[in-house]
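Observations on the model geometry
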Amino acid sequence: MNSAHPPFPLRAVAGVLLLAALGGVAQAQEGAALPSVTVQSTRDSAQVPLRTTAQQERERLARVPGGTNLAEPQKEARLATLRDALDYQPGIVLQDFFGGTDQPRLGIRGSGIQSNPVNRGVLLLQDGLPLNEADGSFIIGLIEPRNAALISARRGANATTPGATMLGGEVDFVSLTGADERGRVRAEAGSFGRQGLQGAVGAVGERLDGRVSVSSDRYDGYRRHSASQRDALQANVGFQGDGGFQNRTYLNWTDLAFQIPSVVPKDRIGSDPRGVMGDGKTPQDQLLNVYKRDPRREATQLRLANRSTWGNEALRQEVGVYWQDTDDLFNNQTHHTVTHSRTTGAQWQASGRPDGAAGAVGWRTALSWAQSQMQRDLYATNPANGQQMQRFGSYDLDASNLQALVAGDWRVAPGWTVLGSLQWSQLTRDAASRTSAAQLDQSWNFATPKLGVNWDLSPTTRLWANLSRSQEAPTYWEILGATVAPNNPAAASAELVRLKMQRATTLELGGQGRLGEGAQSLQWNAAVYRSVLADELISTTDANGIKVGTYNYRGGTLHQGVELGLSGSQRMGVGALDYRASWTYSDFRFRAGEYAGKQIAGVPRHLINAEFMVRLGAWRFGPNLRWVPVSTPTDHANTPGTQQESYALLGLKLEWREGPWAVYVQADNVTDRRYASSYAIRNQATAAQPGYLPGLGRSLTAGLTYKF
């Protein structure tokens, strides 16, 4: 890893000492009883601006006529990775790469699952404002789930943000505020050098509240050459004005770096799951030696954002602005992609219900604008030491989005609500070489209508149906292609590729509800969808597992599936059994063309997650399961013998919570199952080609949290 980074203990201890000092200052201010800010002793003793509670978000999601998720990460014992926060959510597919703070493959209804690195298909939000660059790309490893009070997902075309037009929908990370907790120290340690430390302080005044958090993670990695590290600082300050005016300002800084162990042939999953190319004596090992080529990613991002809202039930308005500066280096073994991007965006929304909360008609309108200016340079990778060789591409990339939304809902009868919306988008993707005359300017104008209905079948059961359109433009990871032969880096070349938009029409049916009353009720939600796609964006890799390009599939594709979630509690003697489970069924196929009838590679057909925890007083303990019961194609030709084999991973968890203290011990893959967690996607593959990422072996993690 980068030697410029201080060692973990120094950074972590410094961060905690800083937060402890800030906490002391906050307590001193409380004792001084300053006239302008009175620090409260409880989180509910003052109104907190732009703070969304779990109940408020549930009520908001209940008005969406389609599949949604609401996760509360702070209820999880371990919260080191995105998987810890979203593991039991139906419809959200997470495929680990290396098991650290790297880049898990996130997929919702198959959108963007073909991208490599995984960087599109879903609009990521932080407090309602986009985290994606304006071209639609993102670096998922920059997200710090420990600072999220809530994670709210609107799957597919159920997204409500004006900038969300893609098939995957949107996922919003809602930040903790000063009202959510006065302070916290969290420490975690585990197998393969995993270390994590977080410290946070918050305070609430008569008109102001604020929170600051610092975190630091280090992980040596299960596989060789898979170390990762992430340091993050997040802060926000809220202001409560007169007449319902509220404002909150956000600051985020993240420094991420991880090594990439890359893919291996299928037979090594069982024989040497911790190994990499370079451990063997074959010509492939010599050609793709990971130790020499040093594939890795290093990204640093600074982000500033501000939101304001004012008004009442008849007319409420919100304005948000954001700016982020990102430096990103990605070495995929054969070439370095070095990007510096600056993104600026603004969003305005207005909504109202003229006759008040009980009115039959409501409306909403919104405008959003975003622009990213990127400088991207491509360098061949020296196969002897992983350093940059000659630059073979240098580009100025400009992406801009202008989008408008109008939406309304009408309670046509008791229990029945019809909802509709229309989004209009104008997108541009302009690319120009700084070293040649190569240039490619693209623009798209399109509308994405949606129509849905909610039916409150009973006070505890809601059913829905919706019909929608979605469209997704390619990112610069698809538009700008590179060709570098691993045995001939001197012949590296780059090109600008003209691509069409990916378009889809989706029909969805589903519902959610509660069976039973009180603490022992069972919560359920289910959705069935069918999306017909045109010009799906397909990215593939070469025989060495390295991306070679993206194209629009001409024959049409079909994405359909079932998303089911269950959770609840059952009394057992002096204790109780808490349970939660999800089943995500994905049937993605080519409709016509070269691979007609074949399954689209990239997503497991069945993904089942379940957890059963016995609760006795302050203790909770029990098993969990992650199960892929059938094999998954790794190539679009569905070549026999190349599939990702089925697997089941058994875990065990022990938790203790008492007052401000919480302790956990968690064991993952206790049977030490050898399996492929993910893989390179090809048009046609062989099992002998490097293409598989061995999953994390048996591991143990322990953690301690103290809230004050």
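That block above? That's the structure.
Cut-offs used in this document
Within every chain, residues take consecutive numbers counted from 1 along the sequence as written. Since the coordinates come from a predicted model, pLDDT governs what is reported: local features require at least 70, and pairs of side-chain atoms require 80 or more to be given and counted, while whole-chain, interface and lining totals use all residues. The side-chain values count all of the structure's non-hydrogen atoms but skip hydrogen atoms and water molecules. Each Phe, Tyr or Trp ring (for Trp, its six-membered ring) is paired with any other whose centre lies within 6.5 Å, and the angle between the two planes then decides the class: stacked below 30 degrees, edge-to-face above 60, tilted in between. Each helix is a run of H or I in the DSSP string that is no shorter than four residues. Each strand is a run of E no shorter than two, and both are numbered from the N terminus. Exposure classes here rest on a 1.4 Å probe applied to the protein chains alone. A residue is buried below 20% of its type maximum, exposed above 50%, and partly exposed in between. We call a charge positioned over a ring when the NZ of a Lys or the CZ of an Arg lies within 6 Å of the ring centre and within 35 degrees of the ring normal. Strands are treated as partners if at least two bridges between them are detected by DSSP. Contacts between residues were defined by any pair of non-hydrogen atoms, one from each residue, lying within 4.5 Å. Lines fitted to C-alpha atoms define the axes, with helix axes restricted to the stretch in contact, and inter-axis angles between N-to-C directions lie between 0 and 180 degrees.

Enumeration over the complete set of coordinates arrives at 11 aromatic pairs. Taking 5.1 Å as the distance between ring centres and 70° as the angle between the ring planes, the aromatic pair formed by Phe192 and Tyr222 counts as edge-to-face. Of this pair, Phe192 sits in the loop between strand S8 (183–190) and strand S9 (194–204) while Tyr222 sits in the loop between strand S10 (208–219) and strand S11 (228–240), placing them 30 residues apart in sequence. Phe192 sits in the partly exposed class, given a relative accessible area of 21%. Assessed through its relative accessible area of 9%, Tyr222 is described here as buried. In textbook terms, an aromatic cluster arises when at least three aromatic residues are bridged by ring pairs, as seen for Tyr553, Phe590 and Tyr595. It is Arg105 that lies over the ring of Tyr679; its NZ or CZ is 5.7 Å from the centre. One Lys or Arg, Arg376, reaches over the ring of Trp477 and ends 4.4 Å from the middle of that ring.

Glancing now at unusual backbone geometry. What is expected of a backbone is that most residues other than glycine have negative phi and most peptide bonds are trans. Of note in the backbone geometry, Asp535 takes a positive phi value of approximately 55° without being a glycine. Considering the arrangement of structural elements, one finds Asp535 in the loop between strand S24 (522–534) and strand S25 (537–541). Accessibility expressed as a relative area gives 10% for Asp535, which makes it buried. Not every positive phi belongs to a glycine, and Asp672 is a case in point at roughly 55°. Within the element layout of this structure, Asp672 appears in the loop between strand S32 (661–668) and strand S33 (676–679).

As a further point, take the sheet that holds strand S5 (residues 129–130). Spatially, S1-S6-S7-S4-S5 is the arrangement adopted by the 5 strands of the open sheet, whose pairing is mixed. Only two strands of the sheet have a single partner each, and these edge strands are strand S1 (68–71) and S5. Sheet topology places S1 next to strand S6 (residues 148–155); 4 bridges connect them, and they run antiparallel. When the sheet's bridge partners are listed, Thr68 is paired in S6 with Arg154. Of the strands in this sheet, S1 and S6 touch helix H2 (residues 54–61), which is tilted by about 5° from S6.

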